[in-house]
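Descriptive analysis of the structure
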Amino acid sequence: MGLPQHAEAFDAQAYLAWEAAQPERHEYIAGEVFAMVGVRQAHNIATLNLASALRSALKGSPCRVFIESVKTRVDAANCFFYPDVLVTCDARDRATPEFVSHPCLIIEVLSPSTAGFDRGDKFAAYRKLPSLQEYGLVDLAAKRIEVFRRNAEQHWVLYEYLEGENIEFASLSLTLPVATVLEDTEEDPES
């Protein structure tokens, strides 16, 4: 999360209009906007691996998979975020081409500069989405994927998946090998 990029606070509609004219992406949190930072190649590859596998598995279903440049609106928290991967199966999201408001799955690939925010305040905001059933965090350094799943009592339960295991995405009734997500994400230790 960077420093605020706009001097004065403004509402969601003003943000959407302003953001449409910007060359870079910005997240919106309660009237402030924050420039999105660049990512390492491994982050981008993991995002692509996830989105490709999900898209392939969900082909022919009412679900749609989006990556990085589609905003998620969290109205109850007055926020717009750009998750790394999101899935919506809700027809209402087809009526809002600028953003998704009813995702069932959101996944963030952690980076050192955003991990604390992704685990903390961003997850707190995402939990206000009634449609959200699972929130995934991909930790490339630890080769671990954490999936927080909302249970019947509306509590969030952590499920951890390591190399050699399959990730369960219960909201989509599918599993995906951890190896698929981690494929080709090794970085040269010299870099």
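Each remark here, short or long, concerns the structure printed above.
Summarised in this report is the structure supplied together with it.

Each value, and the rule that gives it
- Residues numbered from 1 in each chain as written.
- Predicted model: local features only at pLDDT ≥ 70, side-chain atom pairs only at ≥ 80, totals over all residues.
- Heavy atoms only, no water.
- Disulfide = S-S within 2.5 Å.
- Helix = DSSP H or I, 4+ residues; strand = E, 2+ residues; numbered from the N terminus.
- Buried < 20%, exposed > 50% of the residue type's maximum accessible area, 1.4 Å probe, protein only.
- Phe/Tyr/Trp six-rings, centres within 6.5 Å; stacked < 30°, edge-to-face > 60°.
- Polar contact = N/O pair within 3.5 Å; in protein donor to acceptor, adjacent residues only side chain to side chain.
- Contact = heavy atoms within 4.5 Å.

With the rule as written, the count across this model stands at one disulfide. Each sulfur in the disulfide pair cysteine 63 and cysteine 89 lies 1.9 Å from the other. Here the disulfide of cysteine 63 and cysteine 89 is right-handed, its torsion about the S-S bond being about 100 degrees. Taken as a pair, cysteine 63 in the loop between α2 (41-58) and β3 (64-67) and cysteine 89 in the loop between β6 (85-88) and β7 (99-100) lie far apart in primary sequence, 26 residues in all. Judged by relative accessible area, cysteine 63 falls into the buried class, the value being 11%. Sulfur of cysteine 104: no disulfide; nearest cysteine sulfur belongs to cysteine 89 and is 3.9 Å away. What makes cysteine 104 buried here is its relative accessible area of 11%.

All told, the structure shown has ten aromatic pairs when counted by the stated rule. With a centroid separation of 5.9 Å and an interplanar angle of 65 degrees, the aromatic rings of tyrosine 28 and phenylalanine 80 are classed as edge-to-face. Taken together, the residues tyrosine 28 in strand β1 (residues 26-29) and phenylalanine 80 in strand β5 (residues 79-81) connect sequence positions 52 residues apart. Take tyrosine 28 and phenylalanine 80: they sit in the same class, and that class is buried. Between phenylalanine 81 and tyrosine 126, the aromatic rings sit 5.3 Å apart at their centres with planes inclined by 75 degrees, giving edge-to-face as the arrangement. Of the two residues, phenylalanine 81 is situated in strand β5 and tyrosine 126 in helix α4 (residues 121-126); the sequence distance between them amounts to 45 residues. Note on accessibility: phenylalanine 81 and tyrosine 126 belong to one class, buried.

Let us now look at the side chain of threonine 47. Here threonine 47 shows up in helix α2. Residue threonine 47 is classed as buried on the basis of its relative accessible area of 1%. In this structure the side chain of threonine 47 is engaged in a polar contact, spanning 3.0 Å, whose partner is the backbone oxygen of histidine 43. Those residues in contact with threonine 47 that lie beyond four places of it in its chain are Ile67, Glu68, Asp84, Val85 and Val109.

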